[in-house]
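Structural features, examined
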Amino acid sequence: MQQMFIMPVANGILPRPHGGRIVGMFILEQGGQILHDVGVGHDVLICPWIVDSETLYPVGVIARIMDISAQMAISDDGIELPVMMAELEGRDWARWYSLKTVGASLFSADVERLDFKKLRKEYPSISGAGWVPAGGYTEFRAKTDIPVTIYGTDLESGAEVSIKANLGGLVQQEQAHTLEHAIIRALKTYGLCTARTLLESMTKETTELKRSVEASIKYNLPEVLGITASGACGNPMTNLAQFYLAKTFVSNVSAGKSLTESLTKARRSTMSRLTGELGLTMQPDVRVLQGLKKGMSHDDTPLKVEICKKVIGRFPIDPWE
């Protein structure tokens, strides 16, 4: 066990362990002061701050402060702010067990280093450190052939990177699509996809997708279909909604209608056509589930922990493995 200061980050950005470097600008109240107090050549444990629950995730990456300098930055409001520019080098994954405050900073006296590669058989995981997931896609070829790809950007080189696994024979196609989105959400939120964070992310993702279905039908807003905190979901229903909306809107404008009237009528026409083609019932709860599964190819059925572990185990631990 080690003693270490803890720096929360709310953007999900973590340096890649074992030598990965990132350069960032930190406001004094949001990590900059901790970096200044710890100093160059020393380590700090960077952990994701979970905005929804206002909690600090107990697992993060130990980073060595390679360089730091005080600078002034201009906020969106045009106000000058003192910030810290820092270069951080990832060392190891680690977790803290208890926290206390030292002045205005967080400190742990029991930080344990973790080796996820050694733990992979018992506790499989996917690392979100060193890259930013941007999106993904699920291919439905056969029950035994369902490749899932998640792509993003390498924080150091800016190159596109990806992870891929075939979930065929393990889950159904709707579940595979839901897992794709949940893995992206887990990596963005926690910096780490484990069975636990995957299950939590699946629940949140399907809840937000169902809300988008209900809102789009209730308020005639096809453009909100499939929009969640993890991004926009590409699926038959949302793709058709965008196509019908654009086509009908242009047709209305060409017919001499005002922009406002053209958009309003295009929205109503689009949702009416979609619900008719998909055969959605008028019962609110049922139509949401129908839209989720029939229209969006998603399944909100919770998976067993063992299945989640097998899903994670089919992916590489990170894009560089």
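Residues numbered from 1 in each chain as written. Predicted model: local features only at pLDDT ≥ 70, side-chain atom pairs only at ≥ 80, totals over all residues. Heavy atoms only, no water.

1. Concerning unusual backbone geometry
Definition in use: Helix and strand definitions here come from DSSP, where helices need a minimum of 4 consecutive H or I residues and strands a minimum of 2 consecutive E residues; each element is numbered from the N-terminal end.
The backbone of His 18 shows a phi angle near 65 degrees, a positive value even though the residue is not glycine. Its location among the elements puts His 18 in the loop between strand 1 (2-9) and strand 2 (21-27). Despite not being glycine, Glu 54 has its phi angle at roughly 55 degrees, a positive value. Position of Glu 54 relative to the elements: it lies in the loop between strand 3 (43-50) and strand 4 (55-56).

2. Observations concerning the side chain of Asp 318
Condition: Only protein chains enter the accessibility calculation, which uses a 1.4 Å probe. A residue is then buried if its area is under 20% of the maximum for its type, exposed if over 50%, and partly exposed in between. Charge counting follows a simple rule: Lys and Arg are positive, Asp and Glu are negative, and His as well as the terminal groups are ignored. The rule for a salt bridge is simple: a side-chain nitrogen of Lys or Arg has to be within 4 Å of a carboxyl oxygen of Asp or Glu. Polar contact criterion, stated in full: a pair of N or O atoms within 3.5 Å, where within protein one must be able to donate a hydrogen and the other to accept it, and residues adjacent in sequence count only if both atoms are side-chain atoms. The contact criterion used is simple: two residues touch if any of their non-hydrogen atoms lie within 4.5 Å.
Examined against the element boundaries, Asp 318 turns out to sit in the segment after helix 7 (305-314). Buried Asp 318, no salt bridge; nearest opposite-charge side chain is Arg 16, N-O distance 5.0 Å. Polar contacts involving the side chain of Asp 318 include one to the main-chain amide nitrogen of Trp 320, which spans 2.9 Å. Ignoring any residue separated from it by four or fewer positions in sequence, one finds Asp 318 in contact with Ser 127 and Ile 163.

3. Some thoughts on the pattern of salt bridges
One pass over the full model with this rule turns up 15 salt bridges. Note that Asp 43 is salt-bridged to Arg 64, the shortest N-O span being 2.8 Å. On the criterion of sequence distance, the pair formed by Asp 43 in strand 3 and Arg 64 in strand 5 (residues 59-74) is long-range, its members being 21 residues apart. In this structure Asp 43 comes out as buried when scored by relative accessible area, which is 17%. For Glu 89, the salt bridge goes to Arg 91, with nearest N and O atoms at 2.2 Å.

4. Points about the domain arrangement of the protein
Short version of the rule: Each domain's extent was defined by an automatic or database domain assignment.
Per the domain assignment, the segments making up the protein are domain 1 (4-114) and domain 2 (208-296). One C-alpha centre belongs to domain 1, the other to domain 2, and the line joining them spans 42 Å.

5. Some remarks on the packing of aromatic side chains
Aromatic ring pairs are reported here in terms of the distance separating the ring centres and the angle at which the planes meet. Worth spelling out the cut-off: Any two rings among Phe, Tyr and Trp, with Trp reduced to its six-membered ring, count as a pair given centres within 6.5 Å; such a pair is stacked if its planes are under 30 degrees apart, edge-to-face if over 60, and tilted if neither. The rule for a charge over a ring is simple: NZ of Lys or CZ of Arg within 6 Å of the ring centre, and within 35 degrees of the ring normal.
In the structure shown here, the tally under the stated rule is 5 aromatic pairs. A centroid spacing of 5.9 Å and a plane angle of 55 degrees characterise the contact between Phe 243 and Tyr 244, whose relative ring orientation is tilted. Accessibility expressed as a relative area gives 9% for Tyr 244, which makes it buried. Of note, Arg 273 hangs over the ring of Tyr 244, and the distance from its end group to the ring centre comes to 3.9 Å.

6. Some remarks on the packing of helix 4 (residues 236-254) against helix 5 (residues 259-278)
In plain terms, the rule: Only the stretch in contact is used when fitting a helix axis, every axis being a line fitted to C-alpha atoms; angles between N-to-C directions are given from 0 to 180 degrees. An angle below 35 degrees is read as roughly parallel, one above 145 as roughly antiparallel, one from 65 to 115 as roughly perpendicular, and any other as oblique. When the near helix sits turned anticlockwise from the far one by under a right angle, the crossing is termed left-handed; a clockwise turn instead gives a right-handed crossing. For this classification, the nonpolar set comprises Ala, Val, Leu, Ile, Met, Phe, Trp, Tyr, Cys and Pro, the charged set comprises Asp, Glu, Lys and Arg, and every other residue, Gly included, is treated as polar.
At a closest axis distance of 8 Å, the pairing of helix 4 and helix 5 adopts a crossing angle of 140 degrees. In this view, helix 4 runs oblique relative to helix 5, as classed from their interaxial angle. Handedness of the crossing formed by helix 4 with helix 5: right-handed. Within the contact between the two elements, helix 4 uses Met 237, Leu 240, Ala 241, Tyr 244, Leu 245, Thr 248, Phe 249, Asn 252 and Val 253 and helix 5 uses Leu 259, Ser 262, Leu 263, Lys 265, Ala 266, Arg 267, Ser 269, Thr 270, Arg 273, Leu 274, Glu 277 and Leu 278. Of the residues that constitute the contact of helix 4 with helix 5, the class distribution is 12 nonpolar, 5 polar and 4 charged.

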